[in-house]
Amino acid sequence: MSLTIGVLKESSPHEHRVALDPEVTKRLVKKGLQILVEASAGEDANFFDNDYESAGAKVVDRNAVIEQSNIVVMIDNPDEQTRSQFKSGQLILGLLNSLTVTDEMTEFAKNKVNVLSFDLLPRTISRAQTMDVLSSQSSVAGYKAAVIASDLYPKYFPMMITAAGTIKPAKVLVLGTGVAGLQAIGTAKRLGAIVSGYDIRPASRGEVESLGATFLTSSVSNGAGSGGYARQLTDEEQEAQHKELAEFIAQNDIVITTAQVPGHKPPLMVTEDSVQNSKPGTVFVDLGASDLGGNVAGSKPFETVVTDNHVTIVGAGDLASRVANSSSQLFAKNVQAVINYVIEDDQIQIDPTDDVLTGLAAVYDGEIINARLRKALDLPELPKPEEPAEDSETKEES
Ligand code: NAD
C-alpha cells in the first residue's frame, strides 16, 4: 500500500502559508503517494480545495488527516490538541523551532512520534540545499521587509530630480546580513536607496559589497559561531555594539534588522535611546520580533507601532507569511525534497548514518537524536552508529 502524506491547515491566525501547494501535490501523486489535505488549508495562500483535488489529492477534515497519514506536513508548530493526536510511528515535518520548544520535542519522544524539523537542517551540506526552508523563507522575508519599509517611509526611496526640485535618496541600514539581510539589501538597492549592511560575521563583508552596498565594520572581532551562524555576544561586546550602532542608526532613514542566533532569543540591537534619537519618519522593520523579544526596543510581534517622536517600528517576524503564495510554493519544494529523500521503496527510511537526516531529525523511535537538541536539553552525546555511511553524498532526489 502506498504511503499517505497529510497536509494540515495552520492553527495560528498569523500564519497564512501552507506546507504543500497544488503543484508539488501533483508531483507527489504522480510518484504514487496518496495526499490528504485538510479542508481550506491553502485558502489564505490562494490555493483552493478544488486546486488540490484537481492535483489528485483528497480534501478531508483535520481528524482524518491526522488519523490516516504516515507523514504529516505543516509550517509552524502544531497546537496542543493536534500534538496529542499524533500517533506512535507517525512522522511529522515542519519548521518546528525545536531548539526553543524543547519540551514539545521531549513530549514527541515520549509518544514515539518521529519529528523532522527544518530549523535543524545542516545547511552547508550541498545535497541538503533543496530542503533549506530557512533560506527560502528568509529570502521572501528580506524582500518584503524592504517593500514594507518603502511603503511606510514618508519620502521617496530613489533620488528624484524633477522640475520642482531634487529629492535626496533614502538611506537604508540592514543589521544582520544573512539570507534575509542580503535579500533586503538587494531589494532596497533596486528601489533606489543608498544601502549599508552590518554583521558580526566577517565573512559577510564580501557578500554585502558584491551587492553594491557598504559594509560597516563591527568592533566585535569575530562573531562567527559554528555552522556558519553568529555566536551570542558577551555583555561587554553587546554594550560596545549598542554604542557603535547608535551612531550608524542615527545616520539612516530605514533600519531593517534580521539578527538571529540559533537557540537563543534574538539579540537586541536597537536600544530605546537609539529609537528616541532617530529622525522623525524613520522606519524600523524588525524581522526578529517574536514573543521572545526582538532586535528593536519597543517592537511588538505582528504590530506596527508609531512612537511619540514619529518613528515607525514594524514587528515583522511573520513576513514570509505575508507573501503567502510565493513562500508556500518554495516551502512545498523544500518539503518535496525531504519526502523524496526519506522515502525509498514505499518505506520511510531514516538512515542513522546519513548526516543530513541525523541533522534534520529531532526525534526518532522514541529518542531525541539530534546532537544540537541533545545539547540544548543537557543530554549526553549519543554514540556514533558503527555502520559506515553508504555513499550518501551521491544520494539523488527523484
Ligand atoms: P540567521 O537568520 O541565523 O541570522 C541572520 C544574520 O544575523 C546572520 O548573518 C548573523 O551573522 C547575524 N547576527 C546574529 N547576531 C548578530 C549580532 N549580534 N550583530 C550583528 N549581526 C548578527 O542567519 P542565516 O540567514 O540563516 O544565515 C546563517 C549562515 O548560514 C550564513 O553564514 C549563511 O551564509 C549561511 N548559509 C549557508 C548556506 C549554504 O551553505 N548552503 C545556506 C544558507 C545560509
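The rules behind these values
- Residues numbered from 1 in each chain as written.
- Predicted model: local features only at pLDDT ≥ 70, side-chain atom pairs only at ≥ 80, totals over all residues.
- Heavy atoms only, no water.
- Helix = DSSP H or I, 4+ residues; strand = E, 2+ residues; numbered from the N terminus.
- Buried < 20%, exposed > 50% of the residue type's maximum accessible area, 1.4 Å probe, protein only.
- Pairing = 2+ DSSP bridges.
- Salt bridge = Lys/Arg side-chain N within 4 Å of Asp/Glu carboxyl O.
- Axes fitted to C-alpha atoms, helices over the stretch in contact; angles between N-to-C directions.
- Contact = heavy atoms within 4.5 Å.

### Focus on unusual backbone geometry
Keep in mind that most residues, glycine aside, have a negative phi and that most peptide bonds are trans.
Now for step 1: For Asn 97, which is not glycine, the phi torsion reads 45° and is therefore positive.
Now for step 2: Looking at the element boundaries, Asn 97 is found in the loop between β5 (91-94) and α5 (102-110).
Now for step 3: Overall, Asn 97 belongs to the partly exposed group, its relative accessible area being 33%.
Now for step 4: Even without a glycine there, the phi angle at Asp 378 is positive, about 60°.

### Side note on the sheet that holds strand β18 (residues 361-364)
Hydrogen bonds between backbone atoms are what pair the strands of a sheet, whose relative direction is either parallel or antiparallel.
Now for step 1: Read from one edge to the other, the open sheet built from eight strands follows the order β3-β2-β1-β4-β5-β6-β18-β19, with strand pairing classed as mixed. Each of the sheet's edge strands pairs with one partner strand only, and the pair in question is β3 (58-60) and β19 (367-368).
Now for step 2: Judged from the two bridges that link them, β18 and β19 form a sheet pairing that is antiparallel. Residue pairing for β19: Tyr 364 is matched across the bridge by Glu 367.

### Let's talk about the pattern of salt bridges
Note on pairing: side chains with opposite charge can pair once their charged atoms come close.
Now for step 1: Using the criterion set out here, one finds 14 salt bridges in the structure.
Now for step 2: Across the pair Arg 27 and Glu 23 runs a salt bridge, and its minimum N-O distance is 3.0 Å. With Arg 27 and Glu 23 both in helix α1 (residues 22-30) and four residues apart, this pair spans about one turn of that helix.
Now for step 3: Arg 27 gets classed as partly exposed once you look at its relative accessible area, which sits at 43%.
Now for step 4: Judged by relative accessible area, Glu 23 falls into the partly exposed class, the value being 36%.
Now for step 5: Between Glu 104 and Arg 83 there is a salt bridge; the shortest N-O distance is 3.3 Å. Taken together, the residues Glu 104 in helix α5 and Arg 83 in helix α4 (residues 80-85) connect sequence positions 21 residues apart.

### Details of the pairing of strand β13 (residues 283-286)
Now for step 1: Side chains of β13 alternate between two faces, with Val 283 and Val 285 and Phe 284 and Asp 286 buried alike.
Now for step 2: As defined by bridge partners, strand β12 (residues 254-257) adjoins β13 across four bridges and the pair is classed as parallel. The residue bridging Ile 254 from the neighbouring strand is Val 283, located in β13.

### Looking at the sheet that holds strand β10 (residues 194-198)
Now for step 1: Taking strand neighbours across the sheet as the criterion, the seven strands line up as β11-β10-β9-β12-β13-β15-β14 in an open arrangement whose pairing is mixed. The open sheet has two edge strands with one neighbour each: β11 (214-216) and β14 (304-306). Taking the axes of each pair of neighbouring strands and ignoring which way they run, one obtains an average angle of 20° across the sheet.
Now for step 2: With three bridges connecting them, β14 and strand β15 (residues 312-315) associate as antiparallel partners. Paired with Val 306 across the bridge in β15 is Thr 312.
Now for step 3: Against the sheet, helix α9 (residues 235-250) makes contact with β9 (171-175), β10, β11, β12 and β13, and its axis sits at roughly 175° relative to β10, the strand it touches most.

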